[in-house]
Amino acid sequence: MATSLAATTARRAATLARLTPSTSSATRPASLIPRRGLAGAADPHGPPKVNIWEDPMSPSKWKEEHFVIASLSGWGLLIYGSYKAFTGGKKEEKSEEIVAEAAK
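Because the structure is predicted, anything quoted here is derived from the model rather than measured.

Definitions and limits used
Residues numbered from 1 in each chain as written. Predicted model: local features only at pLDDT ≥ 70, side-chain atom pairs only at ≥ 80, totals over all residues. Heavy atoms only, no water. pLDDT = per-residue confidence, 0-100. Helix = DSSP H or I, 4+ residues; strand = E, 2+ residues; numbered from the N terminus. Contact = heavy atoms within 4.5 Å. Patch = residues over 30% accessible without salt bridge, like charges linked within 9 Å, V, L, I, M, F, W, Y side chains within 5 Å. Areas by Shrake-Rupley, 256 points an atom, 1.4 Å probe, with all protein chains shown as cover. Salt bridge = Lys/Arg side-chain N within 4 Å of Asp/Glu carboxyl O. Buried < 20%, exposed > 50% of the residue type's maximum accessible area, 1.4 Å probe, protein only.

Draft legend 1. Seen up close, the confidence of the model for the protein chain. On average, residues of the protein chain carry a pLDDT of 77, and 62% of them reach 70 or more. The element-level mean pLDDT for the protein chain is lowest in helix α3 (residues 90–103), coming to 64, with helix α2 (residues 64–87) highest at 95.

See below:
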């Protein structure tokens, strides 16, 4: 028991000697220098973001979620409109021919 107590005391003394503050931060090991990490992620930087309907002509001021929804909606409309422009119109010709044949 006395040897384990002496060993524990020696470990604590060594740890305390390593953690005592030095005269400058340049001599401290990098593992002991405090870092913020991800603590500042919620701090606002720059102008506040607004809802898309509050300022519809300034996409740089929109909230990120609103910008994503508007962008995806625009791309979907462009793709669907292109699809309809290049493939549409054939169904109406067939329906007019069927109506003309039924009238004969």
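Having put the structure on the table, let's press on.
Draft legend 2. Up close: the side chain of Asn51. Of note, Asn51 is situated in the loop between α1 (2–19) and α2. Filtering out sequence-adjacent residues up to four positions away, Asn51 remains in contact with Trp62, Lys63 and His66.

Draft legend 3. Region of interest: a nonpolar patch on the surface. The grouping of Trp75, Leu78 and Ile79 at the surface amounts to a nonpolar patch, some 370 Å² of accessible area in total. Following the sequence through the fold, Ile79 ends up in helix α2. With a relative accessible area of 56%, Ile79 lands in the exposed category.

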